[in-house]
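Here are the chains, one letter per residue:
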Amino acid sequence: MHIVVCIKQVPSSIAVKIDPATQALTCTGSEFLINPFDEHALEAALALKDSAGAKVTVLTVGSAQAADALRETLGRGADAAQLISDPAFAGCDAWATSKILATAIQQLGGVDLVLCGKQTFDGDTAQVGPGLAEFLGWSCVAFVRKITLEGATLQLERMFEEGYEKIALPLPAVLTVGKEINTPRMASLKGRMAAKKAQLAPVTAAALGLAPEAIGAQSARTRLAKMAPVPRKTGGIKVDGADAAAAAKLVVEKLREMKLV
Amino acid sequence: MIDKASCSGVWIFAEQRNGALQGVTFELLAKGRELADKRGAKLAAVLFGQGLKDQCADLFAHGADVVYYADAPALATFNSDAYTTQLAALVQQYKPEILLGGSTIAVRSFFPRVAVRVDTGLASDCVGLDVDAAGVLQAVRPAYAGNVLATIVCPEHRPQMASVRAAAFKKGAPTSGRTGELVEVPAAVGEVRIQILETVRDASNQVSLADADVIVAGGRGIGGPAQFGFIQDLAAEFKGAVGASRAAVDAGWISAFHQVGQTGKTVKPKLYIACGISGAIQHLAGMGASDFIIAINKDAAAPIFDIADIGIVGDLFAIVPALTQALKSR
C-alpha cells in the first residue's frame, strides 16, 4: 500500500499589522512548523504503516524552507518526501494547490490513500483535501477521527456536529483528519540524523507538466480584493479583583443591565 | 467552466440533519434575499432529503422564490459523494450566479468538491457578504489567525461560492402564506462509494459551543482537571457551555471537544467568560467576536484584557466561586 500525506509548513504564531497609511501588511511568524492537523495525518499514515505495512510519501507545496518540515516527517518514519516548489506557484489559491498536489500524486502512480489535515492553521480554508480528491476523481471523507483498514476497504469514523458516523469506503480515497484521531509521535534521533542527509531537490511546475499560466496567481479562481484590520473592542474596564465579592457584585450588576441574567 | 453571462440567481444550500433544517439555513435565506434583491434576481433554496417536501413551505416563508428539492434514499443523510454529484448537476443545469452554504462540517466537506467539479472558486467560513454592481460577490472572511478581515472575490468563474459561519447573519421573520415555485428535481447521485453504516448521536461529545449563548472557558491558569469544576458550576448558572484553551486541552485536563480557538471551535456567544486564559492570538481568533467578554486573570498584562469588556485582575479561585455565588443569590 502506498499512502501519501500532504502537509503545509505554517508559522507557529502569527502577528499581523496593517499600516493604516499604506495598507501594507507585515506578517511576522516566530518560527515555522508543520501545520498541527497535518501532524495527525502523518501519524495516521505511520500507524497504518506499522499495523498493515505501507510506503508513506509526504508532499508539500511551499518555499525552499519547507524542506525543514519534510525532514521532520522523514525523521518520524516517512519513507519519501517531495518538495514541490516553483516561483510560478506564488499566489496560488486552494483550487491551484489542490491541482498541483493531485498532479504530483498522479505522477507518483500506484497511490492508494491520501491523508491531509482537516484545515491549515494559516489559510484555514479546509478546501485542499476535498478539492484534490475531485481532481483525482476519488471519494473524500473529511473530518475523520478514526481509520482502520480491512482488506482494501477503509472503516472510518467521521465527526459531525452531533456525534459521529461509521463509514465504509473502498480505496483509493482521500481523507482529512482532526486532532482527535491520535497523538503524533516524535522523531527518533536515528531518524533525525538520517533525514538530515535526504536529498530534497524541488519538483518544479515543468517537472509536473504544469504550464505556469495554468497554475499560480493567474489561474487562481479566487483573489484577495482587500484586507482590513478586525475592529477591536474599545472601552473595556479593568477591575481589581482583590475583593472577589465586590468584583462579582459589579459583574452581576453589569450583566443585569445588559439583560444577560 | 460555466459561461458567466448565462448565470443568474442566488442559491442557498438548505442543510437538514435528521429531517430538521439547520438554523444557519434561515440566516442564509435572509442574507440571500438581500443579495438577490440587489441583483434583481431570484432567491432559490436547494434541499436534499427524503420525505421532506413539507419543509419547503418554511423555505418559501423565509424568502425563497424557488425551491429545488431532490428526494432520494441516497440523499436522506449527508453523503459527500451523493451530495457533490447532485448539487454539481443542478448547478450545471440551472447556472446560479451565487451559491451559499452554512459553514458546517457537511458543507465544508462537499462544497470544495462541487467547486472543483464545476470549475469555480469558493470562499470558506465567511462572516460578511455583499455584491457589487457588476455582480461580483464580496466575501469577507477572517485570515491570519483572525487578525485581518480579507475580502475574497471570484471574478471570472461561476457560480461564486461561499460557506458562511453560523450567527454571521440574522435570521428573518417568516411571512406566513408566502409561497413560491417548487421544482422537484430527479435524483442524480452518480456512483456513491461512501457507505454510511451507522450514525451515532453521542451526547458525551456534544459540547454545543456553537449554539451556546454563554460560554465559560478555562485555560492554563485553572491548573488541573479537578478545578474545571469551578468553571462548570459557573457555566451551569447561565445554562451555558464549558470552553477551554488549547493549553488546558493539551495538558489533558479537558477533552478537545471543548477547545475554543484556531485549532478548536470558533464561537460567538452573547457572553464569554475567560478564566485563567492569557489570550494567545490563536484563542482570540476563536472567541474575539463574542458580544461581551469578561476576563479573569492574575496577570494584569495578559493580552486577553485587550479585548475584554470587563477585565478582573485577581485570583480566579476566589472570583469565579464568588461570581457563581452572586448569581445564585440574585
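Residues numbered from 1 in each chain as written. Chains lettered and ligands numbered in written order. Predicted model: local features only at pLDDT ≥ 70, side-chain atom pairs only at ≥ 80, totals over all residues. Heavy atoms only, no water.

Caption draft 1: Highlighting the overall build of chain A. When helices and strands are counted, chain A shows six helices and 14 strands. Residues counted as buried form 53% of the 261 residues belonging to chain A. Roughly 11,300 Å² of accessible area belongs to chain A as shown, and the carbon and sulfur atoms make up 55% of that amount. Each charge class in chain A was averaged separately, 28 positive and 26 negative side chains, and the resulting centres sit 3 Å apart. (Helix = DSSP H or I, 4+ residues; strand = E, 2+ residues; numbered from the N terminus. Buried < 20%, exposed > 50% of the residue type's maximum accessible area, 1.4 Å probe, protein only. Areas by Shrake-Rupley, 256 points an atom, 1.4 Å probe, with all protein chains shown as cover. Lys, Arg positive; Asp, Glu negative; His and termini not counted. Charge placed at Lys NZ, Arg CZ, Asp CG, Glu CD.)

Caption draft 2: Layout of the environment of Ala-96 of chain A. In this fold, Ala-96 of chain A is placed in helix α3 (residues 94-108). Expressed as a C-alpha distance, the spacing of Ala-96 of chain A and Gly-131 of chain A, which sit 35 residues apart in the sequence, is 9.4 Å.

Caption draft 3: Broad picture of the domain arrangement of chain A. Splitting chain A by domain gives domain 1 (2-219) and domain 2 (232-261). Taking only C-alpha atoms, the centre of domain 1 of chain A and the centre of domain 2 of chain A are 45 Å apart. (Domains from an automatic or database assignment.)

Caption draft 4: Geometry of helix α4 (residues 128-136) of chain A. All names here are of chain A. Among the nine residues of α4, seven are classified as buried, and the element is accordingly described as predominantly covered. Residues of α4 that are buried: Gly-129, Pro-130, Gly-131, Leu-132, Ala-133, Glu-134 and Leu-136. Gly-137 sits one or two positions beyond α4 and adopts a positive phi of about 75°.

Caption draft 5: Seen up close, the packing of helix α5 (residues 228-237) of chain B against helix α9 (residues 316-328) of chain B. Residue and element names in this part refer to chain B. Orientation of α5 relative to α9, taken along the N-to-C sense of each, is 25°, at an axis distance of 9 Å. With respect to each other, α5 and α9 are oriented roughly parallel. The two elements α5 and α9 cross, and the hand of that crossing is left-handed. Residues Phe-230, Asp-233, Leu-234 and Glu-237 of α5 form the contact with α9, whose own contacting residues are Phe-317, Val-320, Pro-321, Leu-323, Thr-324, Leu-327 and Lys-328. (Axes fitted to C-alpha atoms, helices over the stretch in contact; angles between N-to-C directions. Parallel < 35°, antiparallel > 145°, perpendicular 65-115°, else oblique. Left-handed = near helix turned anticlockwise from the far one by under 90°. Contact = heavy atoms within 4.5 Å.)

Caption draft 6: Structural detail: the domain arrangement of chain B. Residue and element names in this part refer to chain B. For chain B, the assigned domains read domain 1 (4-185) and domain 2 (214-328). Put simply, the middle of domain 1 and the middle of domain 2, counted by C-alpha atoms, are 34 Å apart. Tallying the contact residues gives five residues for domain 1 and five residues for domain 2. Between domain 1 and domain 2 lies a buried interface of about 410 Å² when both sides are counted; carbon and sulfur atoms form 58% of it. Run the count over domain 1 and domain 2 and you get zero residue pairs in polar contact (both at pLDDT 80 or more). (Buried area = accessible area lost by both parts, 1.4 Å probe. Polar contact = N/O pair within 3.5 Å; in protein donor to acceptor, adjacent residues only side chain to side chain.)

Caption draft 7: Representation of the interface of chain A and chain B within the structure. Each side of the interface is counted separately: chain A has 78 residues, and chain B has 81 residues. Here Arg-113 of chain B makes a salt bridge to Glu-134 of chain A, at a shortest N to O gap of 3.0 Å. If one sorts the elements of the side of chain A that touches chain B by residue count, helix α6 (residues 244-257) of chain A sits on top with nine residues. For the side of chain A that touches chain B, the class distribution of residues is 46 nonpolar, 13 polar and 19 charged. Across six bridges, strand β13 (residues 223-229) of chain A lies against strand β10 (residues 148-153) of chain B in antiparallel orientation. Residue Lys-226 of chain A lies in a different strand from β10 of chain B, and its bridge partner there is Thr-151 of chain B. (Salt bridge = Lys/Arg side-chain N within 4 Å of Asp/Glu carboxyl O. Nonpolar A, V, L, I, M, F, W, Y, C, P; charged D, E, K, R; others polar. Pairing = 2+ DSSP bridges.)

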